[in-house]
Amino acid sequence: MSDFAETICALSTPMGHSALGLIRISGSKSSKILKDLAGILPEPRVSRLCILKNHRSEVIDEVVATFYPGPHSYTGEDMVEISAHGNPLILDEIIAEIVSRETRGAEAGEFTRRALANGKLSIDQVESLDWVLNSSTREGVKLGLRSKVEGLSGSVEEIRGLFLDLKVQIEAQLDFSEAEVGELDKVQIIKTADELRFKIEAWAKAFDIHKYLLNSWTVALIGPPNSGKSSLFNALVGSDRAIVFDQPGTTRDFLHQSIKIDGLPVTLIDTAGIRNNADPIEAIGIQKTYEAMKGADLICWVTDSGEGAPPELLSKHSSKKWLLIRSKSDLGGRAPEEFISISVKTGDGVNEFRKLMLPTQKEADALTEDWLPLTSGRQRDLVLSAADCLLSMSEDLRAGKYLDLSSQWVDKAQRQLSQIIDSVPNEDVIGAIFSRFCIGK
Ligand SMILES: Nc1nc2c(ncn2[C@@H]2O[C@H](COP(=O)(O)OP(=O)(O)OP(=O)(O)O)[C@@H](O)[C@H]2O)c(=O)[nH]1
Ligand SMILES: [Mg+2]
């Protein structure tokens, strides 16, 4: 981890010619550096027009500078923001003058890391920034902003309250001996636990659907060999990217390509056909197909026989969105009702399929809860593990296990939920979150 005692600086706007470029400095030396370069230190939080000069007292630029003393700044440390003219020559020289004064260039996301370390932002607020900065839709930006401005702590608190109600229900029974706890009471506890579980599962599911508003929606084409996956992939991509051949086992490695649907970026994946008795190379390809399914948001089962997907695959990925596709409709035969009928040869059904590849706004809206939207896979996984705890609790109760175990399951679920807003998560979690941040943020 980088040393937070050091003063850092970075250009927070993209490098290139523009009207303005914003340079940020954070750390104890911030005010001294500004005073050195500008000859004055503006009063806190007041933007001042000043002339910056280099170490040879030559003018570098006329800028607007603002000094934010800690802790009332973005990072919680002393900070300076300089709006300079957006010429890379000027911006480079200002940065060079700053770093020559016991300051180093910031690492990607380091300003925000410091804000997190200093309690200016909670971890869930940091995660929502990804939506604010990187969403390719207005809805995605709005969703991120809601979570950023309010934070998820209110929603988590509300759910904690529901868990507490459940715990009270359980503990009211703990004063009685096991023989005295009535069947009716147990049924009531299971009912409350199940209702709570469905609600929080829907919260997690909403994230899986909302993800398409960010810039990450991955669609995997899977199915038996020779079913026309690569042909469909090429048709959607609009070029002969994948090899198509009249022989099962043609695709061995998976291919991915970014395409746009309704202006939204979608990653499309073509995979090796799934079958038993594949040769060793093909078998490796099939393993990769399973990997691709894990990362996909939508799984499309492509078959020319109308045979459904293997039940074990369906149940393994039951939480994902699936589409069933009957390919080669030009060859005749009727597709089962739940299948979309497609022919790459005649173009039949391809555009209809393209439209179905993204969730509809209606689908996303239907899942919107009173609780603020989740903004990361980490948060979603924590909600699902809390839901799993509730499921285990109900199963234990149904199996006749003693009630004090139930109370422990609720505690465990609560701990999972708390981690959503935990202000000091471990380094691995932080590292993963900040890997998507750019320098200057
Ligand atoms: N008649 C007809 N043939 C098709 C259609 N789509 C694909 N084919 C043919 O089916 C054969 C297999 O197509 P691919 O796209 O390579 O199938 P695949 O599912 O990628 O096969 P693997 O990579 O082996 O799993 C090729 O000969 C294609 O020309 C279609 O819509 N109609
Ligand atoms: Mg193929």
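Residues numbered from 1 in each chain as written. Chains lettered and ligands numbered in written order. Predicted model: local features only at pLDDT ≥ 70, side-chain atom pairs only at ≥ 80, totals over all residues. Heavy atoms only, no water.

Draft legend 1. Spotlight on the coordination of the magnesium ion (ligand 2). Only S230 (OG) and T251 (OG1) from the protein reach the magnesium ion (ligand 2) as donors, at distances of 2.0 to 2.1 Å. Taken together, the positions of S230 in helix α8 (residues 229–237) and T251 in the loop between α8 and β8 (255–261) put the pair 21 residues apart, joining distant regions of the chain. By the burial criterion, S230 is buried, and T251 matches it. (Donors = N, O, S within 2.8 Å, 3.2 Å for Na, K, Ca; no water. Helix = DSSP H or I, 4+ residues; strand = E, 2+ residues; numbered from the N terminus. Buried < 20%, exposed > 50% of the residue type's maximum accessible area, 1.4 Å probe, protein only.)

Draft legend 2. A look at the sheet that holds strand β4 (residues 59–68). Judged by pairing direction, the sheet is mixed, and its six strands sit side by side in the order β3-β4-β5-β2-β1-β6 without closing on themselves. For this open sheet the edge positions go to β3 (48–53) and β6 (103–105), each flanked by a neighbour on one side alone. Pairwise comparison of adjacent strand axes, ignoring direction, gives a mean angle of 30° for this sheet. Pairing between β3 and β4: six bridges, direction antiparallel. Bridging from a neighbouring strand, K53 pairs with V59 of β4. (Pairing = 2+ DSSP bridges. Axes fitted to C-alpha atoms, helices over the stretch in contact; angles between N-to-C directions.)

Draft legend 3. Region of the structure containing the domain arrangement of the protein chain. One can read the domain layout of the protein chain as domain 1 (7–121) and domain 2 (218–357). Placing the centre of domain 1 and that of domain 2 at their C-alpha centroids yields a distance of 51 Å. (Domains from an automatic or database assignment.)

Draft legend 4. Summary view of α8. In terms of burial, α8 is largely enclosed, as seven of its nine residues are buried. The set of residues buried in α8 consists of K229, S230, L232, F233, N234, L236 and V237. For α8, the elements touching its buried residues are β7 (218–222), β8, β9 (264–270), β10 (298–303), β11 (321–326) and α11 (350–356). Phi for G238, located one or two positions after α8, is positive at around 85°. (Contact = heavy atoms within 4.5 Å.)

Draft legend 5. Region of interest: the environment of I420. Structurally, I420 is set in helix α14 (residues 403–421). Residue class for I420 comes out buried when judged on its relative accessible area of 0%. Separated by 41 residues in the primary sequence, I420 and Q379 place their C-alpha atoms 5.5 Å from one another. Apart from residues lying up to four places away in sequence, I420 is in contact with I123, D124, L152, V156, W203, R378, Q379, L382 and V383.

Draft legend 6. The pattern of salt bridges, seen in detail. Per the counting criterion, the structure on display carries 27 salt bridges. We note a salt bridge from K211 to D297, for which the minimum N-O separation is 2.8 Å. In this pair, K211 is assigned in the loop between α7 (183–210) and β7 and D297 in the loop between α9 (280–295) and β10, connecting sequence segments 86 residues apart. A salt bridge links R380 to D381; the shortest N-O distance between them is 2.9 Å. With relative accessibility at 18%, the residue R380 sits in the buried group. Connected through salt bridges with shared partners, the residues E6, E77, R104, E110 and R114 form a single ionic network. (Salt bridge = Lys/Arg side-chain N within 4 Å of Asp/Glu carboxyl O.)

Draft legend 7. Fine view of helix α1 (residues 30–38). What α1 keeps buried is the set S30, S31, I33, L34, L37 and A38. Take α1 and look down its axis: the buried residues cluster within an arc of 160°, on one side only. (Arc of directions from axis to C-beta.)

Draft legend 8. Local environment of the sheet that holds β10. Reading across the sheet, the six strands line up as β8-β9-β7-β10-β11-β12 and stay open at both edges, with mixed pairing between neighbours. Every interior strand has two partners, whereas the edge strands, β8 and β12 (340–341), have only one. The pairing of β8 with β9 spans seven bridges and is classified as antiparallel. Opposite S258, over in β9, you have T267 as the bridge partner. On top of the sheet, α8 reaches β7, β8, β9, β10 and β11; it is set at about 155° to β9, its chief contact. The strands touched by α9 are β7, β9, β10 and β11; relative to β7, the strand with the most contacts, the crossing angle is about 145°.

Draft legend 9. Representation of the packing of helix α13 (residues 377–398) against α14 in the model. Running from amino to carboxyl end, α13 crosses α14 at an angle of 175°, the nearest separation of the two axes being 8 Å. Accordingly, the angle class assigned to the pair α13 and α14 is roughly antiparallel. Contacts between α13 and α14 involve R378, Q379, L382, V383, S385, A386, C389, S392, M393, D396 and L397 from the former and L403, L405, S406, W409, V410, K412, A413, Q416, L417, Q419 and I420 from the latter. Looking at the contact of α13 with α14 residue by residue, the classes come out as 13 nonpolar, six polar and three charged. (Parallel < 35°, antiparallel > 145°, perpendicular 65-115°, else oblique. Nonpolar A, V, L, I, M, F, W, Y, C, P; charged D, E, K, R; others polar.)

Draft legend 10. Looking closely at the environment of S216. With respect to the helices and strands, the residue S216 is situated in the loop between α7 and β7. On a C-alpha basis, the gap between S216 and V266 in space is 6.7 Å, while along the polypeptide they are 50 residues apart. Not counting residues up to four positions away in its chain, the partners in contact with S216 are K211 and D297.

Draft legend 11. Representation of the nonpolar core in the model. Ranked by size, the top nonpolar core spans 60 residues in total, and within it F353 and M357 carry the most contacts. Ranked by size, the runner-up nonpolar core spans 22 residues in total, among them I23, A65, I82 and I95. (Core = buried A, V, L, I, M, F, W, Y, C linked by side-chain atoms within 4.5 Å.)

Draft legend 12. Layout of the site of ligand 1. Around ligand 1 sit 22 residues in total, of which K229, S231, G249, T250 and D330 are the nearest. Between an oxygen atom of ligand 1 and a side-chain N or O atom of S231, the distance comes to 2.6 Å. Contact between ligand 1 and K345: an oxygen atom at 3.3 Å from a main-chain N or O atom of the residue. In isolation ligand 1 exposes 650 Å². Once the protein is present, 89% of that is buried. Here ligand 1 is seated within the largest pocket. Partitioning the shell around ligand 1 into residue classes produces six nonpolar, 11 polar and five charged. (Near = heavy atom within 4 Å. Polar contact = N/O pair within 3.5 Å; in protein donor to acceptor, adjacent residues only side chain to side chain. Areas by Shrake-Rupley, 256 points an atom, 1.4 Å probe, with all protein chains shown as cover. 1 Å grid on protein atoms, 1.4 Å probe; cavity = no way out; pocket = protein on both sides within 12 Å on 5 of 7 lines; lining within 4 Å. Sits in = over half its atoms within 2 Å of the grid points.)

Draft legend 13. View of unusual backbone geometry. Cis rather than trans, the peptide bond between G70 and P71 has omega equal to 0°. Tracing the backbone shows P71 in the loop between β4 and β5 (79–86). In this structure, E102 takes a positive phi of about 50° despite not being glycine. Mapped onto the elements of the fold, E102 is located in the loop between α2 (88–99) and β6. Residue N226 is not a glycine yet carries a positive backbone phi of 65°. Mapping N226 onto the fold places it in the loop between β7 and α8. Among the residues examined, N226 registers a relative accessible area of 25% and is labelled partly exposed.

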